[in-house]
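# A structural walkthrough
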Amino acid sequence: MREPATDYSDYPVQPARHPGRWVGTVLVGLLVAAVVWSLVTNPRWEWDVVAQWFTAESVIRGLGETLKLTAIAGILGFVLGFLLALMRLSSSPLLVSVSWTFSWIFRSTPLLVQLLLWYNLGYLYDRISLGIPFTDVTFFEASTTTLISQFAAAVLGLTLNQAAYSAEIIRGGILSVDQGQLEAASALGLPAWRRNTRIVLPQAMRSILPTAFNEIIGLVKGTSVVYVLAYSELFYTVQVIYNRTQQVLPLLLVATLWYIVITSVLSVAQYYIERHYSKGALRTLPLTPLQKLRRLLAIRSTSPSATRKGDR
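Residues numbered from 1 in each chain as written. Predicted model: local features only at pLDDT ≥ 70, side-chain atom pairs only at ≥ 80, totals over all residues. Heavy atoms only, no water.

### A closer look at the packing of helix H11 (residues 234–245) against helix H12 (residues 248–277)
The contact between H11 and H12 brings their axes to 9 Å, and the two run at 165 degrees. Considered as vectors, H11 and H12 are oriented roughly antiparallel to each other. In this structure, H11 crosses over H12, and the sense of that crossing is right-handed. For the pair H11 and H12, the contacting residues are Leu234, Phe235, Val238, Ile241, Tyr242 and Thr245 in the first and Val248, Leu251, Leu252, Ala255, Trp258 and Tyr259 in the second. In terms of residue class, the contact of H11 with H12 is made up of 11 nonpolar, 1 polar and no charged. (Axes fitted to C-alpha atoms, helices over the stretch in contact; angles between N-to-C directions. Helix = DSSP H or I, 4+ residues; strand = E, 2+ residues; numbered from the N terminus. Parallel < 35°, antiparallel > 145°, perpendicular 65-115°, else oblique. Left-handed = near helix turned anticlockwise from the far one by under 90°. Contact = heavy atoms within 4.5 Å. Nonpolar A, V, L, I, M, F, W, Y, C, P; charged D, E, K, R; others polar.)

Take a look at the structure:
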């Protein structure tokens with residue numbers, strides 16, 4: 001006969017103790033409180049000046065130019081990077097060499113140098129023409145200084161620099177997909193475009209998205225380098241203002257806060273896009289912050305204490 005099972009119901013349950021966690025929490029809490037107290041009580045931060053210029057018309061215009069540069073360079077950079085990644089993965093030695101050389105050059109030189117080079121392209125080439133190579137047939141011709149304006153130089157520099165990094169990000173994401181799945185899809189007779197769009201890219205996006213969003217956030221901050229071209233984006237606009245008013249620190253805080261706002265919005269978008277592409281990898285998707293809040297409110301509304309208060 002089997003022995004009766006031991007009854008553990010009367011055994012006391014001792015909660016796990018984490019003294020290190022409590023000590024760390026207290027120390028970090030004190031540090032955060034000290035930083036907040038310094039920000040609030042130190043009059044030299046001049047928060048009234050920050051509030052005055054935060055939504056000023058000139059600052060908002062500069063913010064719009066920063067967003068425009070980010071959107072154009074981000075879209076064109078990732079489209080060109082996708083083409084370069086496909087070239088790097090092709091079986092053509094020429095395409096592989098061109099893609100590798102492009103990434104090597106633009107990742108090896110500072111963005112500031114690239115911007116200045118594009119802006120001064122008119123020194124190397126007086127005119128830019130489009131036609132049939134090695135013939136006198138020309139379809140389009142214009143002065144280089146007319147075509148390469150401050151905005152054009154900024155877009156060229158940011159786009160080509162972004163494309164070099166995007167190509168490696170996309171190539172790494174594609175290579176992360178198990179080749180056995182492609183072989184199985186080929187054995188089933190699926191065409192190449194369907195294999196790439198239905199099998200490769202959805203899985204590659206899980207590896208591409210985190211790094212890609214880091215690059216986009218870096219691009220937002222990288223637009224500040226365009227100030228060397230005297231293009232009126234956010235950072236250059238702030239510089240012009242504090243050179244006139246001598247309120248350097250408050251105006252720098254204005255730019256800092258706007259950059260934080262932009263990157264925060266991008267981080268929220270990253271969370272939801274990554275959550276969408278994780279459907280094939282997770283059985284149950286994690287709750288969004290809004291869903292967690294709704295669940296918490298629902299639990300509190302149905303708790304025994306809330307029910308007793310309702311009965312009264």
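### Thoughts on the pairing of strand E2 (residues 138–143)
The pairing of strand E1 (residues 127–131) with E2 spans 5 bridges and is classified as antiparallel. Note that in E2 the partner of Ser129 across the bridge is Glu141. Linkage of E1 to E2, two consecutive antiparallel strands, is achieved through a turn of 6 residues, within which Phe134 is found at a positive phi near 65 degrees. (Pairing = 2+ DSSP bridges.)

### Re the UniProt feature "transmembrane region" (unreviewed entry) in the protein
What UniProt calls "transmembrane region" (unreviewed entry) maps, in this numbering, to residues 21–40, 69–87, 94–119 and 251–273. Annotated as residues 69–87, this span is 100% helix and 0% strand, and its ends, taken at the C-alpha atoms, are 26 Å apart. Between the C-alpha atoms that bound residues 94–119 the distance is 30 Å, and the span itself is 92% helix and 0% strand. (UniProt positions renumbered as here; feature names shortened; annotations may be inferred.)

### With respect to the UniProt feature "domain: ABC transmembrane type-1" (unreviewed entry) in the protein
In the UniProt entry, the feature "domain: ABC transmembrane type-1" (unreviewed entry) is given for residues 63–270. Here residues 63–270 runs as 77% helix and 5% strand, with 21 Å between its end C-alpha atoms.

### Quick look at helix H5 (residues 111–119)
Within H5, burial applies to Leu111, Gln114, Leu115 and Trp118. Buried residues of H5, viewed axially, fall in a sector of 100 degrees; they line one side. Against the buried residues of H5 lie helix H4 (93–108), helix H6 (121–124), helix H8 (150–175) and helix H10 (192–222). (Buried < 20%, exposed > 50% of the residue type's maximum accessible area, 1.4 Å probe, protein only. Arc of directions from axis to C-beta.)

### A few points about the packing of aromatic side chains
Under the counting rule described, the total for this entry stands at 7 aromatic pairs. Between Phe102 and Phe106, the ring centres sit 4.5 Å apart and the planes meet at 35 degrees, which makes this aromatic pair tilted. Note that Phe102 and Phe106 are positioned in helix H4 at a spacing of 4 residues, about one turn of the helix. What makes Phe102 buried here is its relative accessible area of 17%. (Phe/Tyr/Trp six-rings, centres within 6.5 Å; stacked < 30°, edge-to-face > 60°.)

### Observations regarding helix H13 (residues 289–301)
For H13, spanning 13 residues, the distance from its first C-alpha to its last is 18 Å, which sits close to the expected 18 Å at 1.5 Å a residue. Judged by how many residues are buried, H13 sits mostly at the surface: 0 of 13 residues are covered. (Expected span 1.5 Å × (residues − 1).)

### Concerning the pattern of salt bridges
Applying the stated criterion across every chain yields a total of 4 salt bridges. Close ionic contact of Glu57 with Arg61 constitutes a salt bridge, the shortest N to O distance being 3.1 Å. Linking Glu57 with Arg61, this pair stays in helix H3 (residues 57–89), spanning 4 residues, or about one helical turn. Glu57 sits in the exposed class, given a relative accessible area of 61%. Ionic pairing is found between Glu168 and Arg88, a salt bridge with its closest N-O pair at 3.0 Å. Separated by 80 residues along the polypeptide, Glu168 in helix H8 and Arg88 in helix H3 bring together distant segments of the chain. Take Glu168: its relative accessible area is 19%, and that puts it in the buried class. It is possible to trace a salt-bridge network through shared partners that takes in Arg88, Glu168 and Arg171. (Salt bridge = Lys/Arg side-chain N within 4 Å of Asp/Glu carboxyl O.)

### Digging into the side chain of Ser103
Within the secondary structure layout, Ser103 lies in helix H4. If we ignore the near neighbours within four places in the chain, the residues touching Ser103 are Ala164, Ala167 and Glu168.

### Quick notes on unusual backbone geometry
Most peptide bonds take the trans form, and the phi angle of most residues other than glycine is negative. Here the phi dihedral of Glu46 falls at roughly 55 degrees; this positive angle occurs in a residue that is not glycine. Examined against the element boundaries, Glu46 turns out to sit in the loop between helix H1 (19–41) and helix H2 (47–54). Judged by relative accessible area, which is 30%, Glu46 ranks as partly exposed. The backbone of Ala230 shows a phi angle near 60 degrees, a positive value even though the residue is not glycine. By the secondary structure assignment, Ala230 is in the loop between H10 and H11.

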